[in-house]
Amino acid sequence: MQTADNIAARFRAMGIGAEIEDVSLLSPPDDGFDIIIVLGGDGTLIRVARQYADRNIPILGVNMGTVGFLSSIEAHEIEESLERLIRQEFSLDERMLLEIDIFQNHELKATHFSLNEMTVKSANAKMLNLGINIAGQSHGVFRGDGIIIATPTGSTAYSLSAGGPVTDPDLEVFLLTPIAAYHLYRRPLVIDAAKEIALYPQTLNPVDIIIDGQVKSELDENYMINIKKATPKVKLLQLKDTTFFHTINHKLWRNEGQG
């Protein structure tokens, strides 16, 4: 991409090391970076956040997409913004991550990080039947099309479309949002992130686990999914003095009805 080449060339001309990496890499490159600049939309930034979740490296999002809800600047602002970046005139916005441990037959099979949400849906046309434990206590059995466990960052994404609340990202909470629940009393639930959530099957139907709408895997019987607040946080680098609520009004509500 020409934009990435131009940014890297400008840094190098000032004696600052810069490398261009493809976000489609299966694993991130070695440590040694002070800042990651992501050129793309929210999906690209979320993918990078997962890849570098345990690296503690600030991420600057440059919106090259449509909404760019997580980005700090727009593409046309790159030139002026690089000067502020070099002078370290920025703040850091820390965002909570989910840590998702997937067990099969009581054995840990995979661990994922998630910036937005984890979704569980039936892998076939049958109704999802899922047991839920919160902080070791039963929250009953969920029946419906699916269930979303979202972070406050993810509250403006899939969870919002399914009827969940918009949540201040300074809070550390989980949002448990049903998708087409069989029982009408199953409404969105806000849970302290100090508590862990466990999901386990009530029937033998396979399920799909979807992480941030980007990573998908299928689980059969004898699985358990444990969701907790991850130790690392995503550090979003902010070059503007704007609040989360201003961003909602400017980028989210503004796009209502525009298709």
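The structure reproduced in this document is the subject of the present report. The model shown is predicted, which means the values in this text are computed figures rather than measured ones.

Let us now look at the packing of aromatic side chains. What the rule picks out here adds up to two aromatic pairs. The interplanar angle of 90° and the centroid separation of 6.3 Å between the aromatic rings of Phe69 and Phe244 together place this pair among those described as edge-to-face. Separated by 175 residues along the polypeptide, Phe69 in the loop between strand 2 (59–63) and strand 3 (73–74) and Phe244 in helix 5 (residues 244–252) bring together distant segments of the chain. You can call Phe69 buried: its relative accessible area is 12%. Judged by relative accessible area, which is 13%, Phe244 ranks as buried. Here the aromatic rings of Phe244 and Phe245 are separated by 5.3 Å at their centres, their planes lie at 75°, and the arrangement is edge-to-face.

A word on the environment of Asp22. Mapped onto the elements of the fold, Asp22 is located in the loop between helix 1 (2–13) and strand 1 (36–40). Given a relative accessible area of 46%, Asp22 falls into the partly exposed group. Each C-alpha atom of the pair Asp22 and Val48 lies 9.9 Å from the other, and the pair is 26 residues apart in sequence.

Turning next to helix 2 (residues 42–51). Most of helix 2 is tucked away, with seven of its 10 residues classed as buried. Taken together, the buried positions of helix 2 are occupied by Thr44, Leu45, Ile46, Val48, Ala49, Arg50 and Gln51.

Moving on, we get to the environment of Gln137. With respect to the helices, strands and loops of the structure, Gln137 is situated in strand 9 (residues 137–150). Residue classification places Gln137 among the exposed residues on the basis of a relative accessible area of 59%. Separated by 61 residues in the primary sequence, Gln137 and Ala198 place their C-alpha atoms 9.5 Å from one another.

Peptide bonds are mostly trans, and most non-glycine residues show a negative phi. In this structure, Asn56 is a non-glycine residue whose phi angle is positive, near 60°. Examined against the element boundaries, Asn56 turns out to sit in the loop between helix 2 and strand 2. Of note, the phi angle at Ala135 is positive, near 55°, even though the residue is not glycine. With respect to the helices and strands, Ala135 occurs in the loop between strand 8 (128–134) and strand 9. Residue class for Ala135 comes out partly exposed when judged on its relative accessible area of 44%.

The rules behind the values
Residues numbered from 1 in each chain as written. Predicted model: local features only at pLDDT ≥ 70, side-chain atom pairs only at ≥ 80, totals over all residues. Heavy atoms only, no water. Phe/Tyr/Trp six-rings, centres within 6.5 Å; stacked < 30°, edge-to-face > 60°. Helix = DSSP H or I, 4+ residues; strand = E, 2+ residues; numbered from the N terminus. Buried < 20%, exposed > 50% of the residue type's maximum accessible area, 1.4 Å probe, protein only.

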